[in-house]
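# Breakdown of the fold
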Amino acid sequence: MSRPLVPRRDLLKGGGALVIGFSVAGTSFAQELSRSAGRALVAGPPDPRQIDTWIAVHADNTATMFIGFVELGQGTSALLQIAAEELDLDISQVSSVRLDTHVTPNQGATVASASIDRGGPQIRAAAAEARQALLTLAAKALNAPVEQLTVSKGVVSVIGSSTRSTKYGDLLGDRPFNIAFTGNAPQKPVGQYRVVGTNVPRRDLPDKVSGRYLYVQHVRLPNMLHGRIVRPRGQGAYADGAKVSSVDETSIQDIPGARVVRRHDFIGVVAPNEWDAVRAARQLKATWELPPSLPGDVGVYDQMRAARTIDTVIAERGDVAASLDRAAHVVGATYRAPYQAHAPFGPNCAVADAGSDPALVMCSTQSVYGTRDKVAVVLGLPANKVRVQYYEGAGTFGRSCFDDAAQAAAIMSQAVGRPVRVQFMRWDEHGWDNYGPAHLADVRAGVDAAGKIVAYEYHGWQHVWSTIETSEQLALGTRAAESADGTSRNLNKVTLGGMYDIPNVRLVNHRVPGVNGYLKASNLRSPLDVSFAFASEQTIDDLARSAGIDAVEFRRRNISDPRWLGVLDAVAKAADWTPRVAGSTASRANIVTGRGVALGTHLVSYGAAIAQIRVDKATGLIVATHMYGALDAGLAVNPAFVENQISGQLIQAASRMLKEEVRFNKTNVTSLDWNTYPILRFGEHPNVTPIVVQRPDARSTGAGEEVIAAAAAAIANAFFDATGARLREFPMTPARVKAALTRSNDGQRGDR
Amino acid sequence: MATPLTIRVNEQTRSVAATPDTPLLYVLTDELRLQGPRFGCGLGQCGSCSVLVDGVETRSCVTALRAVQGKSVTTLEGLPAFYAKQKKLSQPPALHPLQQAIIEEQALQCGYCYNGMIVKGAELLSHTPRPTEAQIRSAMDGHLCRCGTYPRIMKAIQRASRAMAEVNK
């Protein structure tokens, strides 16, 4: 039986059947509800060809923007700066609303640092067209031609006649535009910008520091039960799912109100009290088949190399083999990069009411429309009978378990006929993530006597992304499946030497079938680029050293693109880089220091980084002491936000390079918490210097992922500079460091 | 049904229905509907759920309700009053100086870990008003941040320290 969802405006009054059971903290949330009221009655996405889909102008002379990108800690309010700019409103006069499949347009998923890159032009064009329509109305009201009108903070006046004025709010106040979005309205020239390019502060901070901010983990519904999933601790091979052998429902009968929800191999527990749900999940006697079908974290690379792969030549020019034969120096090596976890600091959480009409799911997804489709599948409903609302959770950095949690909550809510809140436990999130996939690379490159790179060959092995969430796999028996090939899943021809002028290049992508014998995988911040840069930029450094040239100077000699040179020079200057050949000052001391440089990106934008590290040879411990990152993301709409993103990437790069690795044996993942999957700690963090290379005349592009690869590889290069030894597998743990130093010493003895 | 327990949270005595073995975190979030302390790991590893118990930073996810009987619990929401009491101010400021400093530094990204960061930082500043960088690193080492905002938390603690010194002048 279904019951209607109360129109959102009624939520404000607190009446009706569905009261969002949290205190409506502050006024911003209440305002937000009223400003999207009336839009929430029809399943979306709303028609993107209508201006009313994107913007509403209110009687109080403010505007609401309907934006399809979620806030992930990156500062999506930069999009409001773009809107305010085109509308000639003050930044305080524009706001946005919660993402909701019944309210906000479908701008695609918030991935690939696309909020500004892809979303910015749409928001800019819509705002410009709205302004044009408002000026047409104003011209009529003021009896003056549009060309004689000027706008400031939404007040339209006739040039030279300041008494003749009106306001956006008076012209349209809360009425629809009823015009098509053609995208043809003239836009403001960059030279006239006064909001874009400035450091408007984040809006969410006062609520976030005081405990007023509503994370998804705080959402409660009346009559709601608390749910927990019950699975083996740590996933096995993707294809295997988790086949239940036995469940003893009586094992939790002493816990008040607790009950088991089972749908095929999907097991969950619900209870009115949250701690009882936690206890029930822990106490339930359940056993699973745990087939030994994984290769283990050490064996995975050999398994990938031996796999029957689908091979694609991603880039090919010139004659690599012949030019390597003629090169003055040739370097080459094999590189290994582990599975790494998203591991959001707060595990995913979702609240579902499958019995309402439409079914309602509140979660921390990167794509409300994508999640809607996945929830519809497990509920057996058409997509337009499901409504998904975004509530921010902890930073996710790609497809963590948010869809899995959303499906789990929906499945349990449907089974028990009440709203259910599912909070993944730490071991659920760590153990059942869609990890960034492992990567294996063989690289060879050559340089001529003049220090010019003449050839570059890269073979890379990895699998693509899992598409079926575990809840669906277990509940419906859906077979494990993978995404198609594509950007972010194949070799990246920019990060892989694309910044250098190399005449002979060959990049071969070896796609490993990842369903049988591998872990689930998906996009982890700057997908695969950390692994690519780790291999590629160490190769470039090896070339520089073999040619006897400083690493920065060597890169300069091989780059002609001014934007790559721009970030390289900016970071070298910030770090006060003095030229010398890498490793030339490596000493026999126990504690040594080194510095390294590297370049990289994700899709567009230009990233360069320098790392300074300290190595204790006795313990094998590497400490990153200072990281510098320069990013050219075109016109930075809010340079302070970009700086924060650079800083975060520098720290996360150190974490991923020095600490992070998903461990697994033949049957399952064993990295289940912060002890078994350590990340960089406060006491270990490097100082950071973020550098925004502002390019007012260049299109704004992504800033959330484009310097992490460079930063990671810079640490690897710094290790060689400090020790004279190469580490070609990460994370660069003490054990691996000591092994590399031993190999290096043995090698030097052998040379003599 | 056992007699309801009472606990003292943010200077108020609250009667709660949870059993004595319930971790304090679930009482604070589900019964008292506080939004500062929040679930992060349930293992005492990350600091997401931190509160002050008699002024000492404590992981509420692994602290049973019975363990805080007769003690004073301060959550993120109660830090301005905690600070006012400590500094003998006539009334609490809107925000603890560290909360204010975090806004001024625009420190956070997703902000989920900031409950613990602020609670721990406030504890540090309460007994070490002018911490060195090494003291901050050491004190904060049990609090993880996935977004990588450690450098800005460092700056915010230093800024708050300076602001608190001004208050004393």
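This structure is a prediction, so every number in the text was calculated from the model and none was measured.

When helices and strands are counted, chain A shows 20 helices and 26 strands. With respect to the principal axes defined by its C-alpha atoms, chain A has extents near 85 × 80 × 45 Å. Scored against the burial criterion, the 752 residues of chain A give a buried share of 58%. Expressed as a percentage of contacts within chain A between residues at least 6 apart in sequence, the contacts between residues at least 24 apart total 79%.

In this section: the nonpolar core. Residues and elements named next belong to chain A. With 288 residues, the main nonpolar core has Val269, Val361, Ala409, Val571, Ala609 and Ile715 as its most contacted residues. With 13 residues, helix α19 (residues 708-723) is the single largest residue contributor to this core. Not counting residues up to four positions away in its chain, the partners in contact with Ala409 are Gly227, Ala350, Val351, Ala352, Val361, Val420, Arg421 and Val422.

In this assembly, 48 residues from chain B lie in contact with 45 residues from chain A. Among the secondary structure elements, those contributing two or more residues to the side of chain B that touches chain A are α1 (24-31), α3 (97-104), α4 (114-127), α5 (133-140) and α6 (150-168) of chain B. Class assignment of the residues belonging to the side of chain B that touches chain A gives a composition of 24 nonpolar, 16 polar and 8 charged.

Residue and element names in this part refer to chain A. The strand order β13-β22-β21-β20-β14 describes an open sheet built from 5 strands, whose pairing is mixed. Each of the sheet's edge strands pairs with one partner strand only, and the pair in question is β13 (310-317) and β14 (329-337). Within this sheet the neighbouring strands show an average axis-to-axis angle of 10 degrees, counted without direction. Each of β14, β20 (439-447) and β21 (453-462) is contacted by helix α15 (residues 529-546), which is oriented at about 155 degrees to β14, the strand it contacts most.

So, on to the confidence of the model for chain A. As a general rule, the predicted coordinates of low-pLDDT regions are not to be interpreted in detail. The predicted model of chain A has a mean per-residue pLDDT of 92, with 93% of residues at 70 or higher. Note that residues 1-30 of chain A has pLDDT below 50 and, in this model, 53 contacts with residues that lie over four places away or in other chains.

So, about the confidence of the model for chain B. Residues with a pLDDT of 70 or more make up 98% of chain B, whose mean pLDDT is 96. Reported for the predicted complex are a pTM of 0.95 and an ipTM of 0.97.

This paragraph deals with the sheet that holds strand β26 (residues 687-692) of chain A. Residues and elements named next belong to chain A. Spatially, 4 strands are ordered β23-β24-β25-β26 in an open sheet, and the strand pairing comes out mixed. Looking at strand neighbours, the two that pair on one side only are β23 (591-600) and β26, the edges of this open sheet. If you compare each strand with its neighbour and ignore which way they point, the axes differ by 15 degrees on average. The sheet contact formed by strand β24 (residues 606-616) and strand β25 (residues 621-632) spans 11 bridges and is antiparallel. The residue bridging Ile610 from the neighbouring strand is Tyr628, located in β25. Here helix α17 (residues 562-574) sits on the sheet in contact with β23, β24, β25 and β26, set at roughly 135 degrees to β25. Docked against the sheet, α19 engages β23, β24 and β25, running at close to 145 degrees with respect to β23.

Attention shifts here to α15(A). Residues and elements named next belong to chain A. Taking 1.5 Å of rise per residue, the 18 residues of α15 would be expected to cover 26 Å, and the 25 Å separating its terminal C-alpha atoms lies within 8% of that figure. Within α15, 17 of the 18 residues are buried, which leaves the element mostly enclosed by the surrounding structure. Of the residues trailing α15, Gly548 is marked for its positive phi of about 70 degrees.

Moving residue by residue along a regular strand, the side chains alternate between the two faces of the sheet. As paired strands, strand β10 (residues 259-263) of chain A and strand β11 (residues 266-271) of chain A are joined by 5 bridges and run antiparallel to one another. Across the sheet, residue A:Arg263 finds its bridge partner in β11(A), namely A:Phe266.

Turning next to the pairing of strand β22 (residues 504-511) of chain A. All names here are of chain A. Of the strand pairs in this sheet, β13 and β22 are connected by 7 bridges, and their pairing is antiparallel. Bridge pairing in β22 links Asp311 to His510. Of the pairings in the sheet, the one linking β21 to β22 comprises 8 bridges and is parallel in character. By the bridge assignment for β22, Gly460 is matched with Asn509.

Conventions adopted
Residues numbered from 1 in each chain as written. Chains lettered and ligands numbered in written order. Predicted model: local features only at pLDDT ≥ 70, side-chain atom pairs only at ≥ 80, totals over all residues. Helix = DSSP H or I, 4+ residues; strand = E, 2+ residues; numbered from the N terminus. Buried ≥ 20, exposed ≤ 12 C-beta atoms within 10 Å, placed from the backbone. Contact = placed C-beta atoms within 7 Å. Core = buried A, V, L, I, M, F, W, Y, C linked by C-beta atoms within 7 Å. Nonpolar A, V, L, I, M, F, W, Y, C, P; charged D, E, K, R; others polar. Pairing = 2+ DSSP bridges. Axes fitted to C-alpha atoms, helices over the stretch in contact; angles between N-to-C directions. pLDDT = per-residue confidence, 0-100. Expected span 1.5 Å × (residues − 1).

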